[in-house]
Amino acid sequence: MNPHLAHLQPYPFEKLRALFAGVTPNPRYKEIKLSIGEPQHATPQFIMDALHANLFGLASYPTTQGIPALRHAIGEWCARRYGIAVDPESEILPVNGSREALFSFAQTVIDPSRAGGTPIVVSPNPFYQIYEGAAYLAGAEPRFLNNLPDNGFAFDYSQLSEAEWARVQLFYVCSPGNPTGKVLSLADWKTLFALSDKYGFIIAADECYSEIYFDEANAPIGGLQAARLLGRSFDRLVMFSSLSKRSNVPGMRSGFVAGDAKILKKFLLYRTYHGCAMAPPIQAASVAAWNDEAHVLDNRNQYREKFAACTPLIGEVLGTGMPDASFYLWARTPVADTEFARGLLEHYNVVALPGSFLAREAQGVNPGANFIRIALVAGLDECLEASRRIREFTQQL
């Protein structure tokens, strides 16, 4: 067996099942699950219609590069959303959701044979656990940069030594962030680009929450957009995007990567062998989804209504406020986060995720400890009911 598999930790939801073992939820309350970032809004009918209308495509093997119509639809969306030109022939690849691409990308770009020691992959902390697993399976070492509230959840690059920076080959950044909701500013991107120029590492920009925001006049800036605004090329920069949150189709497993053409040429080669071409009906439905913005605006409006209603209730007892973007509240708990999660389930049948499960100890601290991640993905009424229960539970502690 691959020895790197021994480094993989249980996924957060496996830890959650173990944490809840032996807990009997209060039968007076119906379960409300706010632990997993799985959109619960209805999938738009036109996307399902496009999927159904193209089932004839099952008779053909799909190409790994995807159909031209899909790559062009993605390119046109990038132009509308970010005001940038991205070449659909060389700078865009469809992928089966951002998760599998974020993982497999490391296998393409990490070079364990490079002189200087074991490669380093940098990740935010707290983080999406795929980054860590991708690093280990690529033969690299993960390094975690703590994102702390006292620093506005920004990166503190001084946490790595000069010798460590010299070994960095890949830097995962998530904006809007999971779980903090932090959005990188143009100045933040400029600093990160300068480090990439100095040390030669590749930036993997995870932007799967880019379309869940609250101010229509201030959409989150994207990595490729930031590069163009700063007069840069896409060198050493690849973005990862997805329809899952944007269009409420997590079961379709549809997304794309875009950026540095030289890197994507190698990534396409890897993917051709990996056997991860997108099914033709999914490609057709994805074209329809990327070409429509009305359903995305409706989706945002639903989240905006929920956050406006629920954040004051939860913030009253847990001190949290509106995130920059995404559909999570990242709230500090008055007791250990694991104790809080167990008690909330036992007494009020609300499932939330302990923040410590989403982070690793670095610089002597686990930045997720004594935080809870609340995913406001259910309907408005359920989210409001859960918020009231959270408030009542916290007031009793």
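The structure this text deals with has already been given above.
Because the structure is a prediction, the values reported are computed rather than measured. (Residues numbered from 1 in each chain as written. Predicted model: local features only at pLDDT ≥ 70, side-chain atom pairs only at ≥ 80, totals over all residues. Heavy atoms only, no water.)

A. Main features of the overall build of the protein. Assigned secondary structure in the protein consists of 14 helices and 12 strands. Relative to the compact-globule value of 21 Å for 397 residues, the protein shows a C-alpha radius of gyration of 21 Å, a close match. Counting over 397 residues, the protein shows a buried share of 56%. Of all intrachain contacts in the protein linking residues separated by at least 6 positions in sequence, the fraction that spans at least 24 positions is 76%. Carbon and sulfur atoms form 54% of the exposed surface of the protein, whose accessible area is close to 16100 Å². In the protein, 35 positive and 39 negative side-chain charges are present, and the distance between their average locations comes to 3 Å. (Helix = DSSP H or I, 4+ residues; strand = E, 2+ residues; numbered from the N terminus. Rg over C-alpha atoms; globule rule 2.2 N^0.38 Å. Buried < 20%, exposed > 50% of the residue type's maximum accessible area, 1.4 Å probe, protein only. Contact = heavy atoms within 4.5 Å. Areas by Shrake-Rupley, 256 points an atom, 1.4 Å probe, with all protein chains shown as cover. Lys, Arg positive; Asp, Glu negative; His and termini not counted. Charge placed at Lys NZ, Arg CZ, Asp CG, Glu CD.)

B. Main features of the sheet that holds strand E11 (residues 353-354). Taken together, the three strands give an open sheet; going across it, the order is E9-E12-E11, and neighbouring strands pair in antiparallel fashion. Looking along the sheet, the strands with just one partner apiece sit at the ends: strand E9 (328-332) and E11. Relative to strand E12 (residues 371-375), helix H13 (residues 337-348) is tilted by about 45 degrees, and along the sheet it contacts E11 and E12. (Pairing = 2+ DSSP bridges. Axes fitted to C-alpha atoms, helices over the stretch in contact; angles between N-to-C directions.)

C. Just unusual backbone geometry, in detail. Cis geometry is found at the peptide bond from Asn 125 to Pro 126, where omega equals 10 degrees. Relative to the elements of secondary structure, Pro 126 occurs in the loop between strand E3 (120-125) and helix H5 (130-137). In this model, Asn 349 sits at a positive phi of 55 degrees, which is unusual for a non-glycine residue. Note that Asn 349 resides in the loop between H13 and strand E10 (350-351). Phi is positive for Asn 370, close to 65 degrees, though the residue is something other than glycine. Relative to the helices and strands, Asn 370 resides in the loop between E11 and E12.

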